[in-house]
Every structure is written in C-alpha cells, then in structure tokens.
Amino acid sequence: MRISPYFILCILYINTFAVFGQTQSINGSPPLAEASPESAGMSSERLARIDAMAGKLVDEGNLPGMVALVAREGKIVYLKSFGAANAEGEPLRRDHIFRIASQTKALTSTAVMMLWEAAKFRLDDPIAQYIPEFAKPQLLDTYDEESGEYTTKDATGVITIRQLLTHSSGIGYGIISEDPRFKKMYEEAGIIDLVTTEKYTIEENVKKLAKLPLHHNPGEAWTYSLGLDVLGYLIEIVSGMKFDKFLRTHIFDPLGMNDTWFFLPDDKTDRLVDVLHNKDGEWKKHPVTFYDPDYPKTGAKTFFSGGSGLSSTARDYAAFLQMYLNGGELNGVRILSRTTVDVIMANQLVDPVLFGGENSDQGLAFAVVTSKGQAKGGVGSEGTFRWGGYFNTTYWADPQENIIGILLKQTRGEVSDPSDWMFRQLVGAAIDD
C-alpha cells in the first residue's frame, strides 16, 4: 500500500506536538474573557481610580499613553487605553501592539522548560554540551583602557542551562552594562544587545558572544544577561525548529496569542505603537540609536532575540500569565505540568542577596516575591511573579489572589512616571471579596 506524503507530514506534525510541547489537558479552564469586576470579587468603583491615575499622568505630560489590564479568577475585569499611540496623537486602543523587550525572557524560559519536560536535557547540563563554543569560558584578566586590548584567564566551572535561565552564568549585556570595559568589548565584537534590522541570526550572535570573557565565574553572582538569547539558540538545536517557529507552534497558537510576534505581519503593523521620547516638553518618535525602533515591521526580519525581541498586546500577555496561574494550562491545552511550574517559581540562587535581596527570589523565568516582600506592601502576595521591559512595560501575577496586572507603555529616555507602583497599589486595593 502506498502511503501519501501528506499522511506522513500529518503524522510528523502530530508527533512534534506530542514530543516537544503542548498537549490536551483534562483540565478545561476557559480562555480569558471580559466580565464585570464584581463577578471576580473586584470593586468597579475602586478600579476606576486607575482611570484617574492614568488620565492625570497623560494630561500632565508624564506619559504619552498606556494600556492597563487587570484579570482575576480567569476573567478580564479591566482593560482600558489612555493617551496617544504616536507623536501625531492617534488615540491609543486596547488592541495596540507594544514592543515588550525583556518580557520576552519569560516566554523563552517557558519554551526551554517545555523541552526540559520532554527530557531533552537536564538543567545543570553544561551549555557547551549543545553549543561547543562555550567549552572553555574565560574571565577578563588585563584590560588596556586606551587601546581596548585585553587578556583572559580560565574561568572556574562551566556555564549551565540553569545559570543562563537565572542570569548567573557570567554573561552580561554590552550597551546597558555599567562596566565600560564590557560595553566596549561587546560593541567591538559586534554583539547585538537588543534587536536588529540587519540580516543576522541568533546563532551568529551567540557564537561571537561565546568568545568574550565573562563578568564573573559561572554561578558566582547575578548579572543581567544575554543568556536568554543563548537559550533561544539552544531551543533551535534541541528542537530542530527555528526559534520563532517553535514559539508560534507550541506557545502562541495554542494560547491564542495571535498578536505576539518577533516581526509583525503586514496586516498588523498599523497597530504598532511608536517608541516616544520627551523632547522640549513634547513627545517625539525615538530616533535610531544602537537599534532601529521600527524593527518589528522592517528590515531583514531574521534575528529572533530570546531576551528582548517580541512585540505583543495586553490581552495576549495576560493569556500567557493566566496559563501559569492555572498551573500550566489554559483552555484545555497544557503547556507545562503543574510540577514544572512549581520548579520555575522556586528560588534558584543560594544567596538571595545576589538578586533582589530578601524581598524577591530569582526563579527560572521570573522574579518572585518573598514573604518579606509581601510584608513591605505594594508588590503582591508571596509567590507573585513579575518582570518588565526596556520600553517601559511591566507585569505581575499573584497566585494567591489569582490576579494579573499588565501596564504597557512605550517610552525611552527620562520620564517622570510613577504609574507602575501606583497601578499595583490601586489594583490590590480594588479586591473586594
């Protein structure tokens, strides 16, 4: 009997889903849908304080605009937009798309843990086992500030997958580094720190990065890191799929995240918010610097940064966070096991001072609030997980209260912007059950 090529492709497609990623779940939590605040134990009157806060900040010129989302008990109880999407004053809409930058990291980490669940590697495997260029990590020994020439010495230990997930590998960033030596070394090596419109790949970037000295011995300290870009390349190696395709197939499509992309399809570019900066009291489009702010809709579209490359909407990102609040499942699709979610949320650093002191732990995908952090007030319950992005976006999700807060803005440069802490406090004060 002759088997059609189409049948073979279908079998391979089904097997890819089963081996690498999401599966059907016996839990059937519904997709996020809008509902009244009262139906989820929230006060409409108190949530309206967010309107006043956001409107005041926009009217006074502190921010050009923002989108705010609150979800509780799997229901979106607040989703509003304020201000403008660009320098021309186009009104910001709830479905506008924002560059989420470092909010990409949690999605990359989730993809890594999906492959870990499939027993493709162990978290303490050396990354050199999969990317040989990292076989002999080096430390900076001598550095000539005038010429930029330097020497290295062998590092103690090896870089592991766990260290890449927790920013403890010794790899750092260049352009945003507080150490001018590393800033110069990364720049001269041609390292892409954020995004690029040039014809370039994460494989090329990671292999250049592997040749540079580390900030410190692996596991010795916490240094904000390009490690998630390294892991984006690991995902390609282990899965045999391009990184963007893996995320689309195994996370975005199953969760209905149809507006989350590295590079936007043509029919979505009109919803992209401009990056704005304040110049002489007016909001202007941010110019090209070490990156082109128009990267999600122009250029070669070949660089899929696992640490900073994605753009998304408030609703899309809320679906991702709700999956975590549900223990790894949403709408009958299981992305991660509940047991894996527990591992992701657990503190991964022996010395918490390396990361956020006693108020936050470093998990495998998020910063996680401790009991002492909860007692400080204003950051949620113990176990609340959170992060933010380079273009002034932020999120948090509180498992004890089953509540999500997302605040999306799109600015660079100095701004007088207290909205993050005000938003968190106003949402917490709106719980009314």
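Definitions and limits used
Residues numbered from 1 in each chain as written. Predicted model: local features only at pLDDT ≥ 70, side-chain atom pairs only at ≥ 80, totals over all residues. Heavy atoms only, no water. Helix = DSSP H or I, 4+ residues; strand = E, 2+ residues; numbered from the N terminus. Expected span 1.5 Å × (residues − 1). Buried < 20%, exposed > 50% of the residue type's maximum accessible area, 1.4 Å probe, protein only. Phe/Tyr/Trp six-rings, centres within 6.5 Å; stacked < 30°, edge-to-face > 60°. Lys NZ or Arg CZ within 6 Å of the ring centre and 35° of its normal. Pairing = 2+ DSSP bridges. Contact = heavy atoms within 4.5 Å. Axes fitted to C-alpha atoms, helices over the stretch in contact; angles between N-to-C directions.

**Some details on helix H7 (residues 227–239)**
Move 1: The end-to-end C-alpha distance of H7 is 18 Å, a good match for the 18 Å that 13 residues give at a rise of 1.5 Å each.
Move 2: Judged by how many residues are buried, H7 sits mostly within the fold: 12 of 13 residues are covered.
Move 3: Within two residues after H7, Gly 240 carries a phi angle of roughly 75 degrees, on the positive side.

**Quick word on the packing of aromatic side chains**
Move 1: Summed over the entire model, instances satisfying the criterion amount to 22 aromatic pairs.
Move 2: Between Phe 121 and Tyr 130, the ring centres sit 6.3 Å apart and the planes meet at 75 degrees, which makes this aromatic pair edge-to-face.
Move 3: Judged by its relative accessible area of 6%, Phe 121 is buried.
Move 4: Seen in terms of ring centroids, Phe 290 and Tyr 390 are 6.4 Å apart; in terms of plane orientation they differ by 75 degrees. Their pairing is edge-to-face. Here Phe 290, found in the loop between strand E9 (282–285) and strand E10 (311–312), pairs with Tyr 390, found in the loop between strand E15 (385–389) and strand E16 (393–398); they are 100 residues apart in sequence, far enough to count as distant.
Move 5: Given the relative accessible area of 22%, Tyr 390 is considered partly exposed.
Move 6: Three or more aromatic residues joined by ring pairs make a cluster, and in this case those are Tyr 317, Phe 320, Tyr 324, Phe 366, Phe 385 and Tyr 395.
Move 7: The aromatic ring of Trp 261 is capped on one face by Arg 248, whose charged end is 3.6 Å from the ring centroid.
Move 8: Directly above the aromatic system of Tyr 390 lies the positively charged group of Arg 412, at a separation of 3.7 Å from the ring centroid.

**Things to note about the sheet that holds E16**
Move 1: Read across the open sheet, the 8 strands follow the order E2-E4-E3-E17-E16-E15-E14-E13; overall the sheet is mixed. The outermost strands of the open sheet, each flanked by one partner alone, are strand E2 (33–34) and strand E13 (360–362).
Move 2: Here E13 runs beside strand E14 (residues 367–369); their pairing, made up of 3 bridges, is antiparallel. The partner of Asp 361 across the bridge, within E14, is Val 368.
Move 3: Against the sheet, helix H12 (residues 419–429) touches strand E3 (65–72), E16 and strand E17 (403–408), its axis set at about 155 degrees to E17.

**What about the pairing of strand E6 (residues 138–143)?**
Move 1: Here E6 pairs with strand E7 (residues 150–154) via 5 bridges, running antiparallel. Note on E7: the bridge partner recorded for Leu 140 is Thr 152.
Move 2: Where E6 folds back on E7, the antiparallel hairpin that results is connected by 6 residues, among which Gly 148 adopts a positive phi of roughly 80 degrees.

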